[in-house]
Amino acid sequence: MRIFPLFFLFFSAAFLCQGVPAAEISVRDLGAVGDGVALDTQAIQKAIDSMAGAGGGRVLLPAGAYLSGTIYLRSHVTLELREGAVLLGSPRLADYPVNFCKYRSYSDRYCVRALIWGEDLEEIAIVGRGVIDGQGAKFFRAQASDEELEVLKKTMPDMARYVPHSAYVNRPYGIRLIGCQNVLVEGITLQNSPMWMQQYLHCNHVTLRDLRIVNHCNSNNDMIDIDSSRNVVVTGCYGDTDDDALTLKSTGPDPTENVTISNCILRSHVNAIKMGTESLGGFRNITISNCTILSSAVDRNHMAGNVPGYAGIALETVDGGPLERIAISNITMNGITTPIFMRLGDRGRTVTPDAQRPQAAVFRDVSIDNIVATGVGNIACSITGVPGHPIRGVSLSNIRIRCAGGVESVSDDLEVPEVVEKYPESTMFGALPAYGFYCRHVEDLTFRNVTVGYKEPDARYALVCDDVENLGLETFQAMPSSKNSTALILKDVRNALIRGCSPPEMNVFARLRGGCRNVTTFGNDFGRINTPISEE
């Protein structure tokens, strides 16, 4: 027996409280053919408008294939795709009118078209057991000509905002909702978008539940983009995408905040869980729990990243917006390249072209707990700020990571480029001197009950800390470098406490370099270590 979600019950009750009849209409009653050949846009839109005019209700797509261009949702209307129903995106660009939304954001560069569009709506839903298929391969890397862009510019209502980019403007999104409140998307399958699968921009109270998303047919094939939105719940979703999977962005001036993500299975050729890269408004009050991250099941030619995927968890703020109060727990990973990537950078994108370039943001108060990552690649986890702008207040606990290993050399100078303005990605630094964690420009960093190791002997170090202040290592277990039998390199580390560690046999547990000071050890079992701490 199926239990109806509380949100749906509330949603229905809200309609009844407003005196809205529990009406419904089938798109076939208004002329939809559903044979996958005839264009059904007009009939679907007429059904939606009819329900909206009646005060609200449900528009049904029974079993069939409904070819459509852009359809516009209306307030108090639920679009239900019954089992066996497929909403097919038209392969003709002319069936997707250009739309300029009111809300200014950097994503003005990306999108003026979508299969499903809604702006400034309330109490809307897309539900059912049917499929939305954007037929994105029909728009494979479609680009607008210079002539098309000139025509587009003439229709823009506001020239103070970004002009759409030729690489994106002719590839419609699957779903684009802007400024909407009380949104429910539940149960459906979404696949094959020409670009991002779904974007929720500047929305409030959004619930995404029990969705299945497969997006591997074009560039920029994201799974879900929550963008400058607040009060969002994502749960029970499965996604396998060529580009980023579950993505939080803030392309507008407002933060993405008050978000709960849980019980999802995520696969991606790039990043499975990501905040960024656009981070103009920042990210606040985010919890992510009970998720499984795997390498993509689609191993054919990838347009972004690589088949295993770049990072399991990528937390990035590079455009001035704060990243703070983030809690991530109970995540398993297998087969991806890098489990954890945190980056505070200074790229400085803006909401509009003439806006003042922002300063580097704050990145603080992040907790990551109960992570198991096996079969991962050879690009270490990294936690990096930039000179003068450290990441602050990161706690890592109950983490087990086992990488492939087999790297035969490591540079003794530990030099890693700063690349302050570079696009943030776990691969951005090239080879790192650590196989476990590389940390630079960080304050108040704690590792508690963290174990890192490798499958094959590796010359790199388990942990390298450079310019770190207030470092706590408690029960940190690691296999040593196969080159010089050392586990840790601490360079310019101030105020560190190492306790409760019981490392395996090795020559040196930690080498201190540069301006290290106030490094204290307490309650460790160094009985198998020749020289627990070596000052160089």
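Along each chain, the written sequence defines residue order, and numbers are assigned to residues from 1. Owing to the predicted nature of the model, reporting of local features is limited to residues with pLDDT of at least 70; listing and counting of side-chain atom pairs is limited to 80 or more, with chain, interface and lining totals taken over all residues. No hydrogens and no water enter the side-chain calculation; it runs on all heavy atoms of the structure.

Re the overall build of the protein chain
And then number 1: Helix and strand counts for the protein chain come out as three helices and 36 strands.
And then number 2: Against the globule reference of 24 Å for 536 residues, the protein chain gives a C-alpha radius of gyration of 25 Å, in line with a compact fold.
And then number 3: With respect to the principal axes defined by its C-alpha atoms, the protein chain has extents near 80 × 55 × 45 Å.
And then number 4: Think of it in three bands: residues with accessible area under 20% of the maximum for their type are buried, residues over 50% are exposed, and the middle band is partly exposed, with areas taken using a 1.4 Å probe on protein chains only. Out of the 536 residues belonging to the protein chain, those deemed buried represent 60%. A helix here means a DSSP run of H or I that spans at least four residues, while a strand means a run of E at least two residues long, and both kinds are numbered starting from the N terminus. Within these notes, the globule rule equals 2.2 Å times the number of residues to the 0.38 power, and the radius of gyration is based on C-alpha atoms.

Thoughts on the pairing of strand β24 (residues 283-295)
And then number 1: Strand pairing requires that DSSP identify at least two bridges connecting the strands. Two elements, strand β21 (residues 256-262) and β24, share six bridges in a ladder whose sense is parallel. Residue pairing in the sheet places Thr256 in a bridge with Phe283 of β24.
And then number 2: Bridge count for strand β22 (residues 265-268) against β24 is four bridges, and the pairing is parallel. Bridge assignment links Leu266 to a residue of β24, and that residue is Ile293.
And then number 3: In this sheet, strand β26 (residues 323-334) lies alongside β24 in parallel orientation, the contact comprising 10 bridges.

Quick look at the pattern of salt bridges
And then number 1: Should a side-chain nitrogen of Lys or Arg be within 4 Å of a carboxyl oxygen of Asp or Glu, the pair is scored as a salt bridge. Summed over the entire model, instances satisfying the criterion amount to 30 salt bridges.
And then number 2: The partner of Arg440 in a salt bridge is Glu418, with the nearest N and O atoms 3.5 Å apart. With Arg440 in strand β31 (residues 434-456) and Glu418 in the loop between β30 (391-405) and β31, this residue pair connects regions lying 22 residues apart in the sequence.
And then number 3: In this structure Arg440 comes out as buried when scored by relative accessible area, which is 3%.
And then number 4: Shared partners join several salt bridges into a network, and the residues in it are Arg284, Glu324, Arg325 and Arg364.

Observations concerning the nonpolar core
And then number 1: Nine residue types can take part in a nonpolar core, namely buried Ala, Val, Leu, Ile, Met, Phe, Trp, Tyr and Cys, and a core is a set of them joined through side-chain atoms within 4.5 Å. Residues Met342, Leu396, Phe437, Phe447 and Phe476 are the most contacted members of the largest nonpolar core, which totals 118 residues.
And then number 2: Looking at which element gives the most residues to this core, the answer is β31, with nine residues.

Section: the packing of aromatic side chains
Aromatic ring pairs are defined here through the distance separating the ring centres and the angle between the ring planes.
And then number 1: Think of it this way: a Phe, Tyr or Trp ring, Trp meaning its six-membered ring, pairs with another when their centres are within 6.5 Å, and the plane angle makes it stacked under 30 degrees, edge-to-face over 60, tilted otherwise. As enumerated under the stated definition, the model contains 10 aromatic pairs in all.
And then number 2: Look at Tyr106 and Tyr110: their rings are 5.9 Å apart centre to centre, the planes differ by 75°, and that puts the pair in the edge-to-face class. Just as Tyr106 is buried, Tyr110 falls in that class too.

Thoughts on unusual backbone geometry
And then number 1: With an omega dihedral of 5°, the bond running from Gly276 to Thr277 counts as a cis peptide bond.
And then number 2: Topologically, Thr277 is positioned in strand β23 (residues 271-279).
And then number 3: Non-glycine residue His76 carries a positive phi angle of around 65°.
And then number 4: You can call His76 buried: its relative accessible area is 13%.
And then number 5: A positive phi angle, close to 60°, is found at Asn182, a residue other than glycine.
And then number 6: With respect to the helices, strands and loops of the structure, Asn182 is situated in strand β12 (residues 181-186).

Describing the confidence of the model for the protein chain
And then number 1: The predictor attaches a confidence to each residue, and that confidence, scored 0 to 100, is pLDDT. Taken over all residues, the pLDDT of the protein chain has a mean of 94, while the share at 70 or more is 96%.
And then number 2: In this description, contact between two residues means that some pair of their heavy atoms is separated by no more than 4.5 Å. Per-residue pLDDT stays below 50 along residues 1-21; that stretch engages in 29 contacts with residues further than four places along the chain or on separate chains.

As for the state of the cysteines
And then number 1: By definition, disulfides here are pairs of cysteine sulfur atoms that lie within 2.5 Å. Taken as a whole and assessed by the stated rule, the structure comprises zero disulfides.
And then number 2: No disulfide involves Cys381; its nearest neighbouring cysteine sulfur is the one of Cys439, lying 8.9 Å away.
And then number 3: Judged by relative accessible area, which is 1%, Cys381 ranks as buried.

Comments concerning the environment of Cys501
And then number 1: Within the secondary structure, Cys501 is located in the loop between β33 (486-499) and β34 (506-513).
And then number 2: Owing to a relative accessible area of 1%, Cys501 belongs among the buried residues under this scheme.
And then number 3: In this structure, Cys501 is in contact with Leu473, Thr475, Phe476, Gln477, Phe509, Gly523, Asn524 and Asp525, ignoring residues within four places of it in sequence.

Remarks on the side chain of Arg440
And then number 1: Under this definition, polar contacts are N or O atom pairs within 3.5 Å; protein pairs additionally need one hydrogen-donor-capable and one acceptor-capable atom, and for neighbouring residues in sequence, both atoms have to be side-chain atoms. Within polar-contact distance, the side chain of Arg440 engages the side chain of Tyr438 at 3.3 Å.
And then number 2: Setting aside chain neighbours within four positions, we find Arg440 in contact with Ile383, Thr384, Gly385, Val416, Pro417, Glu418, Phe429, Asp466 and Asp467.

Thoughts on the environment of Val234
And then number 1: Within the secondary structure, Val234 sits in strand β18 (residues 230-235).
And then number 2: Along the chain, Val234 and Leu445 lie 211 residues apart, while their C-alpha atoms are 29 Å from each other.
And then number 3: Each residue touching Val234, except ones within four places of it in the same chain, is listed here: Leu208, Ile224, Leu246, Thr260, Ile261, Ser262 and Cys264.

What about the side chain of Asp369?
And then number 1: Within the element layout of this structure, Asp369 appears in strand β28 (residues 363-376).
And then number 2: The charged-residue count follows a simple rule in which Lys and Arg add positive charge and Asp and Glu add negative charge, with His and chain termini not counted at all. Here Asp369 sits buried without a salt bridge, and the closest side chain of opposite charge, Arg448, lies 7.6 Å off (N-O distance).
And then number 3: A polar contact of 2.8 Å, which involves the side chain of Asp369, links it to the side chain of Asn398.
And then number 4: Sequence-distant contacts of Asp369, defined by excluding residues within four places in its chain, comprise Ile328, Ser329, Asn330, Ser397 and Asn398.

Here's the deal with helix α2 (residues 41-53)
Because each turn of an α-helix spans 3.6 residues, side chains separated by three or four positions in sequence point in the same direction.
And then number 1: For α2, which comprises 13 residues, the first-to-last C-alpha distance of 18 Å matches the rise-based estimate of 18 Å (1.5 Å per residue) to within 8%.
And then number 2: Within the sequence span of α2, burial applies to Thr41, Ala43, Ile44, Gln45, Ala47, Ile48 and Met51.
And then number 3: Directly after α2, the chain includes Gly55, whose backbone phi takes a positive value near 100°. Here the expected length of a helix is defined as 1.5 Å per residue gap, with one fewer gap than residues.

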